[in-house]
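Each chain, written out:
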Amino acid sequence: MEIPEGSGGQPSPMDISGSPIVMGDLHQHFHQTQPGHITPEPSQEVVENAKRELRNIAEENVSIVPTLESADPVDPVELQLTENVQLLPNQQAEVQRKIQLLEQTNPLVGDVSIANMFEKANQKAESEANSKFRDEKKKKDYIARHGKVVGVTGVQGVGKTTLTKMVLRLILNGVIIPAVTFIFLLSIREINFEEKCTVFDLLFYKSPAVQLYNDDEKEVILKQILADRNTVIFIDGMDELDPQLLSKHYKVSHIKSKADPISFIMNMLGGQLLPNAYKLATSRPRAMLEISVEHRPHFLVEILGLNETAQKQLGLQICGTEFLRVQKSLQENPELLEHCLVPFNCIALFTYLLQNNPVQTTTISDIIVSILLQYLHSSHMQNRQVAMQKLAKLAWIAFDKHKFIFSEEDLIEVGLSQHDIKTFLTTTLDSRQKLHSFILQQDKKSFFSHQIWQDMFIALHMLFHMPLNEFNEKLPKLNGEKGANVKKFVYGICNPFISTKAKQLFLAKPHFHGKLQAIEVFTTQSVQLMKQKSQSGHIVLNHSSNLATFHCLKELNCPSITTIFASKLTTQYILNGYIFPSDVSSIFYVTKSIPQNITFLKVEAQFVGESFTLFCAHLKASKSKVVQLTFQQKKVPDLPKFRVAIPCIEQIYFITIDGNVLHILCDALEETNHVMNLLSFDHLQLKDGGLAYLCTCINKIKSLSLRGCCITERGINMLCQALAQPNQLVSLDLSFNSVGNEAANLLRLCPNLNRIVLSFCGINWEGAQALSNNMKQLKQKGFVLVLFGNQIKSRGVEILSECLSMVNELVIDSCEVQTVTKLAKSIKNLDKNQKLMICIGNNPIGNAGLDKLSTCFNNIDKLSVNACGITDVFCLPRSILKLGHQISELNVSQNLIGSFGAEVLSKCIGHVKRLLLMECGIADDGAEKLAGAVQKLENPIESLDLTRNQIKDEGAKFFVCCFKNVEDLSLAENPITLQCGSDMMKELVKQNLPAERLSLPYSMIEVSQDTFRIHTAQMIPGQFVRVSMSYELQGIREDS
């Protein structure tokens, strides 16, 4: 067979009929020796020959062959990568334990490159090992298991397979893992998961000589692989596995025994099998996160796509001398740029622009259909529409049967001839640029050269060859990552302009009638379902939830259907996960049809490429509003567009910031009338210099949080000078800064300030005196004063007791029994209508101190006495029941009151909205008493937190009957079995109650209301997952 130009120069190992091409007796060749060389030991010779054979296979697979490419070799271009953080349940700091805060953050992660992925994986494993174990051997074992495993995720077409080939090229060239020995390339789509095999057979399935090794030789090679520390295993396409296989736990099979291939693969990823080998696995994001935690790689890398430089390099290689013209077309049609992040789409776009001037489209569906029409009219294809129709049928059958590779029988079933297959293997699209296209590829069996090709042909089959009744049945089933792209193409081709072009691909009369109407009905049903699943009327937009429908509508580009859809939408949204430019365009394309201006309640997204700039531009143009923005952009490419969008934002939480962004922010606030409700720079090294910037616009800020920003007394003095002018500041948080007693002076300068948080600021009793004096001078009531972690001591507490009439919430430490006695006396002297929130946790007040506080519940609405050495709570029910009304919160956590104490508190449970009993030594009998009391309530309570007690299955089951009477029940970190947790979740759903009502141990987390699978803790963007966050200190985890 003639080797097609541009195919990498490698002949197919199979002729068109499917008969194997004889490649020589490789096994015999292994045992030949050359003159002048010392003959190695037979066992070592077998190992060396196996290494050479595997390297040859790797070199044959290293060529990066895009589905559309120039006949000249295409150089690989850089892919943007970032670490995909998995929040684990032991990442809370000691200070957060003390003040009992669970602040959910999205930590910024560093850049990842192809060359340093394995190095980063090892660093992460070392960090996790140090936080989990004290025993050095356990640390070493943990690092060995997880430090050499990398999971690569990314959306369809973004370049996951290409990345593995780029890593492979670096390995073969000695750039990384220079002493590499064995290289194994495992492609999920090529492995038969219905037949059991040995580890050896799985690793060597690509080897033509695998059947020629005898058992002794296999054992020698396998022994060497097990011991070797420079073996590399690539596992491509984990998302092509059946989803039900991903979430299971697989026991480690004996190395020599036969087992299901999936068992070996999962245990390789988890480090249980071949721990010494480097492993790299690719998958779409959702599928990777569905892998059980025992097997999922701990270090995940997200491919974000092509950056601007890479796009230009690729365009130059494809377009050659025509690149300037093509680039001008892109500049004139900026909406096309959103396709350029995904390599396949970028290549397709450049190919389209080469042939079309002027540009007549903005959708990827139209671009690919246009390319297929060029393909059809090429000299190879010669207008053979029948073959196109058969290929579309093959794509659908494969999708329906969950197949990715096709045997000769599959091709015969749809009537594809040998000539048809040869035609699809290669053709010339543009003779000037020597541009080629590959729809099918062959390597023993046939398969689509890219999943996007297969998705397009599936959509074509559904629209033009599938009866309407079957279409109506199949369309709603196009869900998840695998169906989303097909559904987008179905919508895109339904556009009348594109469908007219697409019909030319086939000779037979298409079954297209009624499909557009079916799309309209399905879209209307989708918006109803979307609203039903929304959180309190807010619609969540991300790649796991709802964004796919917005993409489909933009691809369809039918104003009438979009208007119907938009008219039923809410005006409030939450945006999170990774957001690409195409996502931003789709969101605003749909929401512009909503009559009212929309509001983004939360924007917690990681914007990729130009998407943040695009978001800012649309935000300003559409007069939309953002209530809360979590800013985590390392770089804003277009600062002026960010500047004009600032007046549309009410609150900004900065996860990262540079000087340019801070300067733009302060200038924008200073020059406009916009007042920012909240700015948070927590744990960023803003220092006094950064605070000086903020002082220029302090009069436009209502709430300012500067926790842990390295601010000193010098910075406080600058802030005092700025606040001497009229200002609107109502809340200020300076915790974890070395500001000392100077911070007390801020109170007298801010007439509107009613909340000041100064935890761990080095304040002593003199500072408490200054605060007290300033509050009295202002004569303002309702202060929230947080002074935890300072050195005010008993004297300071007594001083603050004198001004309790002005305080709404007081958080202090340094309390003893005598101090509490004076504090209680001051509380009882308050006006009977004043209600306080008193938090004095982590103080040794004991039972006597609690008894004193219980006498003043008439003026206490919230009491927190966690970790105060309390064992007797008899005084609480007696005092609370006398009130005749509910108190907001009672926190007795981390006091060993046991089941008897739980029984005592059950008597007043209906008079407490939120009861926190974490780590109180409560067992099943105590759970029974609490559940019984909750069940009898006429009105539900808001929260009952029983985290980290000794409640087992028997105790947990008592709560099944009272789900309706508690809005938030936490049984996290209790010894409850998987079966019991599953049964409780099923009962919750059976009672038609939201899944968020119940928190289970972090090894039992439900994904959704209609899913009962039990997962280990994982954060899945866009899905509500209850995770119990541990309070354990880093480095003091139990060694179990």
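Residues numbered from 1 in each chain as written. Predicted model: local features only at pLDDT ≥ 70, side-chain atom pairs only at ≥ 80, totals over all residues. Heavy atoms only, no water.

Chemist: Could you clarify how one ought to interpret the confidence of the model for the protein chain in this entry?
Modeler: Interpretation of this model should avoid reading the predicted coordinates in detail wherever pLDDT is low. For the protein chain, per-residue confidence averages 80 on the pLDDT scale, and 85% of positions sit at 70 or higher. Low pLDDT, under 50, characterises residues 1-40; the predicted model gives this stretch 57 contacts beyond four residues in sequence or across chains. Every residue in residues 64-74 is under pLDDT 50, and counting partners more than four places away or in other chains gives 43 contacts. (pLDDT = per-residue confidence, 0-100. Contact = heavy atoms within 4.5 Å.)

Chemist: For this particular structure, what's the right way to read helix α38 (residues 898-906)?
Modeler: Since the α-helix advances by 3.6 residues per turn, residues separated by three or four positions end up pointing in the same direction. For α38, the tally of buried residues reaches seven of nine residues, placing the bulk of the element in the interior. Against the buried residues of α38 lie α37 (875-881), β25 (887-891) and α39 (924-935). (Buried < 20%, exposed > 50% of the residue type's maximum accessible area, 1.4 Å probe, protein only. Helix = DSSP H or I, 4+ residues; strand = E, 2+ residues; numbered from the N terminus.)

Chemist: It is not clear to me how the side chain of His298 should be interpreted in this structure. Could you clarify?
Modeler: Within the element layout of this structure, His298 appears in the loop between α11 (285-290) and β7 (299-306). Residue class for His298 comes out buried when judged on its relative accessible area of 16%. A distance of 2.9 Å separates polar atoms of two side chains, one belonging to His298 and the other to Glu128. At a separation of 3.0 Å, a polar atom in the side chain of His298 contacts the side chain of Tyr142. (Polar contact = N/O pair within 3.5 Å; in protein donor to acceptor, adjacent residues only side chain to side chain.)

Chemist: It is not clear to me how the pattern of salt bridges should be interpreted in this structure. Could you clarify?
Modeler: Pairs can form between side chains of opposite charge once their charged atoms are near each other. All chains considered together, the criterion is met by 25 salt bridges. With a shortest N-O distance of 3.7 Å, Glu473 and Lys477 are connected by a salt bridge. The class for Glu473 is partly exposed, based on a relative accessible area of 44%. A relative accessible area of 55% means that Lys477 is categorised as exposed. Arg914 serves as the salt-bridge partner of Glu942, at 2.9 Å between the closest nitrogen and oxygen. One end of the pair, Glu942, is in the loop between α39 and β27 (943-945); the other, Arg914, is in strand β26 (residues 912-916), with 28 residues separating them in the sequence. Under the relative-accessibility criterion, Glu942 is labelled partly exposed at 32%. For Arg914, a relative accessible area of 25% corresponds to the partly exposed category. Through salt bridges with shared partners, one network takes in Glu335, Glu338 and Lys554. (Salt bridge = Lys/Arg side-chain N within 4 Å of Asp/Glu carboxyl O.)

Chemist: Looking at this structure, how should I read unusual backbone geometry?
Modeler: Most of the time, phi is negative for any residue but glycine, and the peptide bond is trans. A positive phi is found at Glu973, a non-glycine position, where the angle reads about 60°. Checked against the element boundaries, Glu973 lands in the loop between β28 (969-970) and α41 (978-990). The residue Asn992 is not glycine, and still its phi comes out positive at about 60°. Residue Asn992 is classed as exposed on the basis of its relative accessible area, which comes to 65%.

Chemist: Please clarify how the pairing of strand β3 (residues 149-153) should be interpreted in this entry.
Modeler: The side chains of a regular strand alternate, first on one face of the sheet and then on the other. Most of β3 is tucked away: five of the five residues are buried. Where β3 and strand β6 (residues 278-283) come together, five bridges link them in parallel fashion. What sits directly across from Val150, in β6, is Leu280. (Pairing = 2+ DSSP bridges.)

Chemist: Before we go on, may I ask you to explain a negative patch on the surface in this structure?
Modeler: On the surface, a cluster of negative charge is contributed by Glu903, Asp925, Glu928 and Glu954. The residue Glu928 is located in helix α39 in this model. (Patch = residues over 30% accessible without salt bridge, like charges linked within 9 Å, V, L, I, M, F, W, Y side chains within 5 Å. Areas by Shrake-Rupley, 256 points an atom, 1.4 Å probe, with all protein chains shown as cover. Lys, Arg positive; Asp, Glu negative; His and termini not counted. Charge placed at Lys NZ, Arg CZ, Asp CG, Glu CD.)

Chemist: Can you help me understand the packing of aromatic side chains in this one?
Modeler: Pairs of aromatic rings are described using the distance from one ring centre to the other and the angle between the two planes. Inspection of every chain in the model, using the stated rule, returns 27 aromatic pairs. Ring centres 5.9 Å apart and planes at 55° place the aromatic pair Phe588 and Phe600 in the tilted group. Of this pair, Phe588 sits in helix α26 (residues 581-591) while Phe600 sits in strand β14 (residues 599-607), and the two are twelve residues apart along the sequence. Taking relative accessible area as the criterion, Phe588 reaches 5% and is therefore assigned buried. Looking at Phe600, the relative accessible area reads 0%, which means it is buried. Ring pairs connect the aromatic residues Tyr573, Phe588, Phe600, Phe607, Phe612, Phe615, Phe631, Phe642, Phe654 and Phe681, which therefore count as one cluster. Cation over ring: Lys148 sits above Tyr278, and NZ or CZ is 4.4 Å from the ring centre. Directly above the aromatic system of Trp765 lies the positively charged group of Arg795, at a separation of 3.5 Å from the ring centroid. (Phe/Tyr/Trp six-rings, centres within 6.5 Å; stacked < 30°, edge-to-face > 60°. Lys NZ or Arg CZ within 6 Å of the ring centre and 35° of its normal.)

Chemist: What am I meant to see in the pairing of strand β22 (residues 807-811) here?
Modeler: Judged by how many residues are buried, β22 sits mostly within the fold: four of five residues are covered. Where strand β21 (residues 783-786) lies against β22, four bridges are found, and the strand directions are parallel. In the sheet register, Leu785 faces β22, and the bridge partner there is Leu810. One crossover worth recording links β21 to the parallel β22 by way of helix α34 (residues 793-801), and it is right-handed. Across three bridges, β22 lies against strand β23 (residues 836-839) in parallel orientation. The partner of Leu810 across the bridge, within β23, is Ile838. (Right-handed = clockwise from strand over helix to strand, strands pointing away.)

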